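# Per-entry structural report
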Amino acid sequence: MNYQTPRGTYDILPDEIGPWHTAEQKIREICRLYRYREIRTPYFEATNVFARQNDSSDMVNKEMYSFGDEKEYTLRPEGTAGVIRAFDQHKLYGTMELPARFYYMGPMFRHERPQKGRQRQFTQFGVENIGAKSPALDAETIALGIDIVKSLGIRSVKVCINTLGDDASRSAYRQALKEYFAPHIDELCGDCHRRLEQNPLRILDCKEDAGKQVLLDAPRLGDYLNEESKDYFAQVLAALDALNIPYEIDDRLVRGLDYYTHTVFEVKSTREDAGAQSTIFAGGRYDHLVEYFGGPQLSGMGFAIGMERLLMLAKDEGYPFPGDPAADVYVMSLGNVQKEALHCAELLRSQGLIVEANLLPRSMKAQFKSADRSGAGAIVIIGEDEAKAGNAVIKKAGTKDQQTVRIEDLADAVKKMKEEAL
């Protein structure tokens, strides 16, 4: 039998994990600077956490992994819904200062066609800023994402932004779209037949019908925005200007999830080789999710980044991810002295040194080769005579310099050797 990873999943091997650690560390540090706190929610939730009433998104209708006798549970396809569910369930709106700032990082699951930068199991980082509605907060949230992207050397980016307006504006626009698309229903794909009834704004985001004249001639949302929505969006743009974040207004940008209101945005790579996977992160404001899950009427703002795509773009831009750290010390054991070698290794590790120790019966030649591959600057040699005397030999790698020291003085001697090598 041929055992392989399931389609749309992949292994991250030891030689490949370094960039993940680097990116995760940078993300956590930037979130700390913005005073976001980590939240971890289950990998699966009740299906109705994601499949909300009349949701027209492809994620809900076509891509969820649901299981159980009645499909009552679903592997999480995105992070926002679970965070809001936890926020309401634990009544954090009553115990945290608002706006509450969260970030999350972990695997998500969507049943879709695997392609470059898009897998069925993927890792997503995201933030949620819950409990306040402010154009300045919208701009600051975008700035956080930009800081993360730039920290990994990704410079070729642009912010595409739009407004969906308030409830009244969207309601008027939906009605206009329904009336416009109804006579053209035969020109639309099967999914758009459903979207026409559930949420006609989603027709504008259809990948299959993109470029058709019927979409290009559709009414524009800007014509249906009331003054309050226009003013809110103008303040968001002014805040981005104040942060020196350039942007492009895309009045066809609606995003793929139905819960967004007011500000929506996508930050894209402008590299020619980015292709269909040009979106680095995306998100927007939502006014009704907290209330939907049983909490008070509070607005939120967030975005999500696909980590695979982020790392792919960082590598394409030539970010110098560090490799695995070399060992500080390689401990060689000659003869039946594995216990003593183990003791020396643990003594050195307790002082913060990176140590690789030979604990197998191997020749001196083989151990020197291993020491060279480890990159260690110092080699500690323990033979049977040294073990009996309570000593160890320290050899400076690549030279003939060596000295014999007491085992209890080993850590100090290695550190001194390191300092002299600097």
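Our subject is the structure listed above.
Analysis parameters
- Residues numbered from 1 in each chain as written.
- Predicted model: local features only at pLDDT ≥ 70, side-chain atom pairs only at ≥ 80, totals over all residues.
- Heavy atoms only, no water.
- Helix = DSSP H or I, 4+ residues; strand = E, 2+ residues; numbered from the N terminus.
- Expected span 1.5 Å × (residues − 1).
- Buried < 20%, exposed > 50% of the residue type's maximum accessible area, 1.4 Å probe, protein only.
- Contact = heavy atoms within 4.5 Å.
- Phe/Tyr/Trp six-rings, centres within 6.5 Å; stacked < 30°, edge-to-face > 60°.
- Pairing = 2+ DSSP bridges.
- Patch = residues over 30% accessible without salt bridge, like charges linked within 9 Å, V, L, I, M, F, W, Y side chains within 5 Å.
- Areas by Shrake-Rupley, 256 points an atom, 1.4 Å probe, with all protein chains shown as cover.
- Salt bridge = Lys/Arg side-chain N within 4 Å of Asp/Glu carboxyl O.
- Axes fitted to C-alpha atoms, helices over the stretch in contact; angles between N-to-C directions.

## Here we look at unusual backbone geometry
The step from Leu-98 to Pro-99 runs through a cis peptide bond, and the omega angle for that step is 5°. Within the fold, Pro-99 resides in the loop between α4 (80-89) and β5 (100-109). Of note, Lys-71 is a non-glycine position whose phi angle comes to about 55°, a positive value. Note that Lys-71 resides in the loop between β3 (66-67) and β4 (73-75). A positive phi angle is found at Asn-244, which is not glycine, with a value near 60°. Turning to its location among the elements, Asn-244 is positioned in the loop between α9 (227-242) and β8 (247-249).

## Some points on helix α5 (residues 135-151)
Two residues of an α-helix separated by three or four positions point the same way, owing to the 3.6 residues in each turn. Between the first and last C-alpha of α5 there are 25 Å, a value that for 17 residues agrees with the 24 Å anticipated at 1.5 Å per step. Buried residues dominate α5, accounting for 12 of its 17 residues. Among the residues of α5, Pro-135, Leu-137, Asp-138, Ala-139, Thr-141, Ile-142, Ala-143, Leu-144, Gly-145, Ile-146, Ile-148 and Val-149 are the ones counted as buried. With its phi angle positive at about 80°, Gly-153 sits one or two positions after the end of α5.

## Regarding the side chain of Thr-123
Relative to the elements of secondary structure, Thr-123 occurs in strand β6 (residues 121-130). Ignoring sequence-local partners within four residues, the contact set of Thr-123 consists of Tyr-10, Trp-20, Gly-106, Pro-107, Ile-305, Gly-306, Met-307 and Glu-308.

## Thoughts on the packing of aromatic side chains
With the rule as written, the count across this model stands at 15 aromatic pairs. Seen from their ring centres, Phe-67 and Tyr-73 are 6.0 Å apart, and the 35° between their planes marks the pair as tilted. For Phe-67, a relative accessible area of 34% corresponds to the partly exposed category. Between Tyr-259 and Tyr-286, the aromatic rings sit 5.9 Å apart at their centres with planes inclined by 80°, giving edge-to-face as the arrangement. With a gap of 27 residues between them, Tyr-259 in the loop between β8 and β9 (261-269) and Tyr-286 in strand β10 (residues 279-286) connect regions that are remote in the sequence. An aromatic cluster of at least three residues, connected via ring pairs, comprises Tyr-103, Phe-125, Phe-265, Phe-281 and Phe-303.

## Points about the sheet that holds β4
Read from one edge of the open sheet, three strands run β2-β4-β3, paired in antiparallel fashion. Taken across any chain shown, the strands that pair with only one partner, and hence form the sheet edges, are β2 (44-46) and β3. Across two bridges, the pairing between β3 and β4 is antiparallel. Bridge pairing in β4 links Ser-66 to Thr-74.

## Description of a nonpolar patch on the surface
Taken together, the side chains of Tyr-43, Phe-44, Phe-67 and Tyr-73 define a hydrophobic patch exposed on the protein surface, amounting to about 390 Å² of accessible area. Looking at where Tyr-73 falls in the secondary structure, it is placed in strand β4. By relative accessible area, Tyr-73 is classed as partly exposed at 36%.

## Examining the sheet that holds strand β16 (residues 402-406)
One open sheet holds the five strands; their spatial order is β13-β12-β14-β15-β16, and the pairing between them is mixed. Strand pairing shows two members of the sheet lacking a second neighbour, β13 (355-357) and β16, which therefore form its edges. Across the sheet, the mean angle separating the axes of adjacent strands is 25° when strand polarity is ignored. Of the strand pairs in this sheet, strand β15 (residues 391-396) and β16 are connected by five bridges, and their pairing is antiparallel. Among the inter-strand pairings, Asn-391 is bridged to a residue of β16, identified as Arg-406.

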